[in-house]
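What follows is the residue order along each chain.
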Amino acid sequence: EPELTVYVQANMSLTVSDDYNTAYGNNNSPEYQNFSETFCTEIGKPYTNASLDNGFKDNYYGCRVTSLSEGSIIVVFFIYYTSVSVEDVQSNALLVLSTYLNTSSNKIGQFEVISGSVQLSSVDSVTTAPSVQSISTTTTTTTTTTTTTATTTNNPTTNAVIDTTMTSETSPAQQPTQKDTTTA
C-alpha cells in the first residue's frame with residue numbers, strides 16, 4: 001500500500017491596508033482570483049525564506065485564500081505543509097509570519113499588513129491533497145549561436161565555419177503548481 005501523505009493546514013487571517021473592491025466578494029471574479037494568486041505567491045515567501053529557517057521550510061506546500069471581506073481587506077487563508085507535525089505548524093506558522101513582518105515594515109510583497117492583524121485560528125491535518133492557488137512559475141530558454149570564421153592567408157582554400165548552439169534551461173523553484181478548483 002502506498003504511504004499516505006499527511007498535509008497540515010493552518011487556518012489564518014490578516015488585514016491588508018488597501019481599498020476593498022466589491023468584486024472580492026465573488027470568489028469566481030477575476031479580481032478575487034488575481035488578488036488570491038498574488039497573495040499566495042507572496043505569503044509563501046516568509047515560509048520558504050532560508051534566512052527565517054523554521055526547520056521545515058522545505059515542507060511548505062502552498063496557500064489557498066478562502067475569503068476576502070471588507071474592513072480594509074480581511075484575507076482568510078490556509079497555508080499547507082507536508083511531512084510535519086500539527087504541533088510544529090501550531091508553534092511556527094504565526095511566529096514565522098510575524099518575524100517576517102517585523103523585518104519588512106509590515107509588507108509582504110505589494111501588500112501592507114495592518115500591524116497586529118495576523119491571526120492563527122486552527123491547525124489540522126488532512127489526508128486529501130489540498131487545492132492550492134496556482135503559483136506562477138516560468139521556464140526561460142536561452143539559445144546562443146556563435147559563428148567564428150578563420151582564414152589562413154598562406155592557404156586560401158582553408159575556411160572554417162564553426163556553428164555552436166548552446167541551450168540552457170532555468171528550472172522554476174520547486175513549488176507545486178495546482179489550480180484552485182474551488183467554486184462558490
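Heads up: the structure comes first, above all this text.
First things first, this report covers the structure right here in the doc. (Residues numbered from 1 in each chain as written. Predicted model: local features only at pLDDT ≥ 70, side-chain atom pairs only at ≥ 80, totals over all residues. Heavy atoms only, no water.)

Our focus in this paragraph is the overall build of the chain. For the chain, the helix and strand inventory stands at two helices and eight strands. Taken across its 184 residues, the chain has 35% of its residues classed as buried. In the chain, the proportion of contacts linking residues at least 24 apart, taken out of those at least 6 apart, comes to 72%. For the chain, the computed accessible surface area is about 10700 Å², with 46% contributed by carbon and sulfur atoms. (Helix = DSSP H or I, 4+ residues; strand = E, 2+ residues; numbered from the N terminus. Buried < 20%, exposed > 50% of the residue type's maximum accessible area, 1.4 Å probe, protein only. Contact = heavy atoms within 4.5 Å. Areas by Shrake-Rupley, 256 points an atom, 1.4 Å probe, with all protein chains shown as cover.)

Mapped onto the fold, S13 is located in strand β1 (residues 7-16). Residue class for S13 comes out buried when judged on its relative accessible area of 17%. If near-sequence neighbours (up to four positions away) are discounted, S13 is found in contact with V75, V76, F77, S117, V118 and Q119.

Quick look at the environment of K57 now. Here K57 lies in the loop between α1 (30-48) and β2 (60-70). Residues K57 and Y47, spaced 10 residues apart in sequence, show a C-alpha to C-alpha distance of 5.8 Å. Filtering out sequence-adjacent residues up to four positions away, K57 remains in contact with Y47, T48, N49 and A50. Of the polar contacts made by the side chain of K57, one reaches the side chain of D58; its length is 3.4 Å. (Polar contact = N/O pair within 3.5 Å; in protein donor to acceptor, adjacent residues only side chain to side chain.)

All right, on to the pattern of salt bridges then. Per the stated rule, a full pass over the model turns up two salt bridges. Close ionic contact of K45 with E42 constitutes a salt bridge, the shortest N to O distance being 3.2 Å. Here K45 pairs with E42, and both are found in helix α1, just three residues apart, close to one helical turn. Its salt-bridge partner being K57, residue D58 comes within 3.4 Å of it at the nearest N-O pair. (Salt bridge = Lys/Arg side-chain N within 4 Å of Asp/Glu carboxyl O.)

Another aspect to go through is the packing of α1 against helix α2 (residues 86-103). Between α1 and α2, the shortest axis-to-axis distance is 9 Å and the interhelical angle comes to 100°. When the axes of α1 and α2 are compared, the pair comes out roughly perpendicular. Judged by residue contacts, I43, P46 and Y47 of α1 engage A93, V96, L97 and Y100 from α2. Of the residues belonging to the contact of α1 with α2, the class tally is seven nonpolar, no polar and no charged. (Axes fitted to C-alpha atoms, helices over the stretch in contact; angles between N-to-C directions. Parallel < 35°, antiparallel > 145°, perpendicular 65-115°, else oblique. Nonpolar A, V, L, I, M, F, W, Y, C, P; charged D, E, K, R; others polar.)

A word on the pairing of β2. Where β2 meets strand β3 (residues 73-82), nine bridges bridge the pair, whose relative direction is antiparallel. Each residue of the ladder has a partner; that of E70, found in β3, is I73. Adjacent in sequence and paired antiparallel, β2 and β3 are bridged by two residues, among which G71 carries a positive phi angle near 130°. (Pairing = 2+ DSSP bridges.)

Geometrically, a pair of aromatic rings is defined through the distance of the ring centres and the angle of the planes. Tallied over the full model, the rule gives 11 aromatic pairs. Both rings, one in Y7 and one in Y61, keep their centres 5.1 Å apart while their planes meet at 65°; by these two values the pair is edge-to-face. One end of the pair, Y7, is in strand β1; the other, Y61, is in strand β2, with 54 residues separating them in the sequence. Between Y47 and Y81, the ring centres sit 6.2 Å apart and the planes meet at 85°, which makes this aromatic pair edge-to-face. Of this pair, Y47 sits in helix α1 while Y81 sits in strand β3; the two residues are 34 residues apart in sequence, bridging distant segments of the chain. Pair check on accessibility: Y47 and Y81 agree, each one buried. (Phe/Tyr/Trp six-rings, centres within 6.5 Å; stacked < 30°, edge-to-face > 60°.)

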